Amino acid sequence: MNKTVIITGGTTGIGKATAIHFAKNGYNVVVTSRNADKETSVIADFKENGVDVTFFPLDERRKNK
């Protein structure tokens, strides 16, 4: 059974490095970003690093009324 991790802010920096680490160690990786327009470039960037990830746009900021 494969395990799945969800990494918010996984398109840059520590989040991206963490996503690559988990993917290279056999995990299913879901990466999220507030910017939905990044999907194509993010997927391509991960493939260049030899891993596949799933991308979802997600804005987790709290919105005050």
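Here the structure is shown first, and the text comes after it.
On a predicted model such as this, the values are computed, not experimentally measured, just so you know.

Visitor: When you look at the overall build of the chain in this model, what are you seeing that I'm missing?
Guide: Regarding its fold elements, the chain presents 2 helices and 3 strands. Listed by position from the N terminus, the elements making up the chain come as β-α-β-α-β. Its C-alpha atoms put the chain at 40 × 25 × 20 Å along the principal axes. Looking at the chain as a whole, 29% of its 65 residues qualify as buried. For the chain, contacts bridging at least 24 residues in sequence account for 54% of all contacts bridging at least 6.

Visitor: Please clarify how the sheet that holds strand β2 (residues 28-33) should be interpreted in this entry.
Guide: Hydrogen bonds between backbone groups are what pair the strands of a sheet, and the pairing can be parallel or antiparallel. Pairing is parallel in the open sheet, where 3 strands are placed in the order β1-β2-β3. Pairing within the sheet leaves two strands with one partner each, and these edge strands are β1 (4-8) and β3 (54-57). Neighbour-to-neighbour, the strand axes of the sheet open up by a mean angle of 20°, direction not taken into account. Examined bridge by bridge, β2 and β3 share 4 bridges and lie parallel to one another. Counted as the bridge partner of Ser33 is Pro57 from β3.

Visitor: Hey, could you run me through the pattern of salt bridges in this one?
Guide: Using the criterion set out here, one finds 1 salt bridge in the structure. Asp45 is the salt-bridge partner of Lys16, the closest N and O atoms lying 2.0 Å from each other. Linking Lys16 in helix α1 (residues 13-24) with Asp45 in helix α2 (residues 39-48), this pair joins segments that are 29 residues apart in sequence.

Cut-offs used in this document
- Residues numbered from 1 in each chain as written.
- Predicted model: local features only at pLDDT ≥ 70, side-chain atom pairs only at ≥ 80, totals over all residues.
- Heavy atoms only, no water.
- Helix = DSSP H or I, 4+ residues; strand = E, 2+ residues; numbered from the N terminus.
- Buried < 20%, exposed > 50% of the residue type's maximum accessible area, 1.4 Å probe, protein only.
- Contact = heavy atoms within 4.5 Å.
- Pairing = 2+ DSSP bridges.
- Axes fitted to C-alpha atoms, helices over the stretch in contact; angles between N-to-C directions.
- Salt bridge = Lys/Arg side-chain N within 4 Å of Asp/Glu carboxyl O.

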